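So the chains spell out like this:
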Amino acid sequence: MGLFGKRNSREGKHKSAGSKHAASTHVSSDVKSAHKHNAQSSSVTAHEASTTRAQSSVTPRARHKKAAIAWISIGIVLLVLYVAGIILFSSLFFPRTRIAFIDASLKSDTQLEQALNDAFNAYEIALSADGFHETITTRDMNLRIDAQHIAKEMHHRQAAWMWPYALIAGHYDYSSLLQAKADQDALTQVVASKIERYNKTQRLPRDAYIVFNDDQQHFHIEKEQPGTALDTSRVVQKILQALDKLEQSVTLDASDTIAPAITANNETLQRTCEQANAMIAHDIVLTANGKPFYTVSRKLQGEMITFDADGIQFSDEKARTALRGVLSSFNTVGATRSYTRPDGKHISVRGGTYGWRVDIDKVIEDVIARIKDATGEPLEIPFASTAACALSADKPDWGDRYIDVDLSEQYARFYDNGALVWESPIVSGKPGEHATPPGAWKINYRTSPQLLESWKDGEKQWSVTVRYWMSFVHNSIGFHDATWQPRFGGTWYKSHGSHGCINLSLSSASALFDVVRKGDPVIVHY
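Residues numbered from 1 in each chain as written. Predicted model: local features only at pLDDT ≥ 70, side-chain atom pairs only at ≥ 80, totals over all residues. Heavy atoms only, no water.

Draft legend 1. Quick look at the overall build of the protein. Helices and strands together make up the secondary structure of the protein, namely 13 helices and 28 strands. Relative to its full complement of 526 residues, the protein shows a buried share of 36%. Considering only contacts in the protein between residues 6 or more positions apart, those separated by 24 or more positions represent 63%. Surface accessibility of the protein: about 30400 Å² in total, with carbon and sulfur atoms responsible for 53%. (Helix = DSSP H or I, 4+ residues; strand = E, 2+ residues; numbered from the N terminus. Buried < 20%, exposed > 50% of the residue type's maximum accessible area, 1.4 Å probe, protein only. Contact = heavy atoms within 4.5 Å. Areas by Shrake-Rupley, 256 points an atom, 1.4 Å probe, with all protein chains shown as cover.)

Draft legend 2. Spotlight on the environment of Val358. Within the secondary structure, Val358 is located in strand β15 (residues 357–358). The spatial distance from the C-alpha of Val358 to the C-alpha of Ser328 is 7.6 Å, given a sequence separation of 30 residues. Apart from residues lying up to four places away in sequence, Val358 is in contact with Leu327, Phe330, Asn331, Val363, Ile381, Pro382, Phe383 and Ala384.

Draft legend 3. The sheet that holds strand β4 (residues 132–137), seen in detail. Spatially, the 3 strands line up as an open sheet ordered β4-β3-β8, and their pairing is mixed. Each edge of the open sheet is held by one strand with a lone partner, namely β4 and β8 (249–251). Here the strands of the sheet are splayed against their neighbours by 15° on average, with no regard to which way each runs. Bridge analysis of strand β3 (residues 124–129) against β8 gives 3 bridges, and the strand direction is parallel. Along β8, the bridge assignment pairs Ala126 with Ser249. Against the sheet, helix α7 (residues 232–244) makes contact with β3, β4 and β8, and its axis sits at roughly 135° relative to β3, the strand it touches most. (Pairing = 2+ DSSP bridges. Axes fitted to C-alpha atoms, helices over the stretch in contact; angles between N-to-C directions.)

Draft legend 4. The layout of surface pockets, seen in detail. The volume enclosed by the largest pocket comes to roughly 360 Å³. Forming the boundary of the largest pocket are 19 residues, of which Leu452, Trp462, Ser476, His499 and Cys501 lie nearest the centre. Elements supplying a minimum of two residues to the lining of the largest pocket: β23 (450–456), β24 (459–466) and β26 (477–481). Ranked by the residues each element gives to the lining of the largest pocket, the list is headed by β23, at 5 residues. A per-class count over the lining of the largest pocket returns 8 nonpolar, 10 polar and 1 charged. In this model, the second largest pocket occupies a volume close to 250 Å³. (1 Å grid on protein atoms, 1.4 Å probe; cavity = no way out; pocket = protein on both sides within 12 Å on 5 of 7 lines; lining within 4 Å. Points joined across faces, edges and corners; volume = space filled by probe spheres on them. Nonpolar A, V, L, I, M, F, W, Y, C, P; charged D, E, K, R; others polar.)

Draft legend 5. Region of the structure containing the sheet that holds strand β2 (residues 102–103). Spatially, β2-β1-β5 is the arrangement adopted by the 3 strands of the open sheet, whose pairing is mixed. In this open sheet, the two strands that pair with only one neighbour each are β2 and β5 (172–173). Pairing of strand β1 (residues 97–99) with β5, which is carried by 2 bridges, proceeds in the parallel orientation. What sits directly across from Arg98, in β5, is Asp173.

Draft legend 6. Up close: a nonpolar patch on the surface. The grouping of Trp71, Ile74, Val77, Leu78 and Leu81 at the surface amounts to a nonpolar patch, some 540 Å² of accessible area in total. Along the chain, Val77 turns up in helix α1 (residues 2–89). (Patch = residues over 30% accessible without salt bridge, like charges linked within 9 Å, V, L, I, M, F, W, Y side chains within 5 Å. Salt bridge = Lys/Arg side-chain N within 4 Å of Asp/Glu carboxyl O.)

Draft legend 7. Just the pairing of strand β7 (residues 218–222), in detail. By the bridge criterion, 5 bridges tie strand β6 (residues 209–213) to β7 in an arrangement that is antiparallel. Directly across from Asn213, in β7, lies its bridge partner His218. Between β6 and the antiparallel strand that follows it, β7, lie 4 residues; Gln217 among them carries a positive phi value of about 55°.

Draft legend 8. Main features of the nonpolar core. In this structure, Ile99, Leu112, Ile125, Met141, Met154 and Ile239 are the most contacted members of the largest nonpolar core, which totals 47 residues. Elements supplying a minimum of two residues to this core: α2 (109–121), β3, β4, α4 (147–157), α5 (163–168), α6 (184–199) and α7. Element by element, the count of residues in this core is highest for α7, at 6 residues. With 45 residues, the next largest nonpolar core counts Ile280, Ile305, Val326 and Tyr354 among its residues. (Core = buried A, V, L, I, M, F, W, Y, C linked by side-chain atoms within 4.5 Å.)

Written out as structure tokens, the structure is:
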């Protein structure tokens, strides 16, 4: 074992050494391989690193250059487009450009001028109201427009450099440049003729006015009432407003009608109403011989007042109308009066100038003065003619002293206090043209002697002097002596009557002259 053991030990060593050598050889080979691989890897890595270093030093400049070139190219394109847009819109209008109802989008000045002229030549304004439909043409208005100036002014105001914004969101309205010139006088004349026909069937307005309220016994203002008639001036103004915007229709309403000139809120009207009410604040009592005769009420006073642009006026005619009825009841002049003569004969007489007659003009003057003064003081009635006493059912207003001339009997009697103080047969006027006028008269002139004359067509017909003259119809008919009459009474007057006077014998005329006085009633009747 020792040998083999040793041999084996050697062999083992040898084998071990061989193994080691083999291992060493294998390791060496692996190492070499690894070195080779590492060398290759190092070489690749070095190349990549070199390449990376090359790229890191060259790419940014190239990239910047390319980017710059790209942006410059884009800028040039945009600039070219922008300039082209400016050039284009220096001769064309932006999209969405309007002037009134005309679309000017992408139109040239010439095209817009033509569009404006065409539009204005065909332009009409339709007027409409309730029952009123009319058309106003450019000819009616003598309408004129400077289309060339408008187009140039629109382009002048259009900023061509803003075309990009205009394409995206721009809206342009140049209606304010429209300055169509209408002949207002010609337009007014045309509109007036159209409205005149329409207004013939329409209601005119009524101004507020002052009226007397019977229930409240004072003046108040009656509110104005609108009408339906159109106001030419207002319609013309509405047409001109529509023309400014080139509107093609105008609807007329209540604001275009003729307005009341005076409304209830008018300060002058209100002040006048207050003044009128202050004037009629009191009744006016009319008196006759100091005794109340009639009351002029506030209502009656109100009827005498009128109103105009100058304020309160007093109407004599209205005052006369208002007072005539009541005052005429006091008048007896010319009225039919009946009486019984002392000898029992019942007589009715009408006409003449004797009796009561209110001086209506003076009454009106005095009443109006009282109204203006607003004092309410009583007013004594002024009479233009008076009588002996008031008229009553029992006796006439001439009382108990009067001359009774009975034309039927041809006899005259003078009564004084019921007693017969004078009587005589007479010759009155010849029937027909010269008949003695019946009526209640009075002696208005008494003289002795008197020249009597008759004239016709400027020529004297006759003249005579009488001893006694007592006229009762003006100074033309009266009692007088007529010594040329051979007899008196009976029917002699029918063939030998006077020219209207009462002929008496000289003695009868003398006796009457002695007892008669101026103002004595003379009652002539049949």
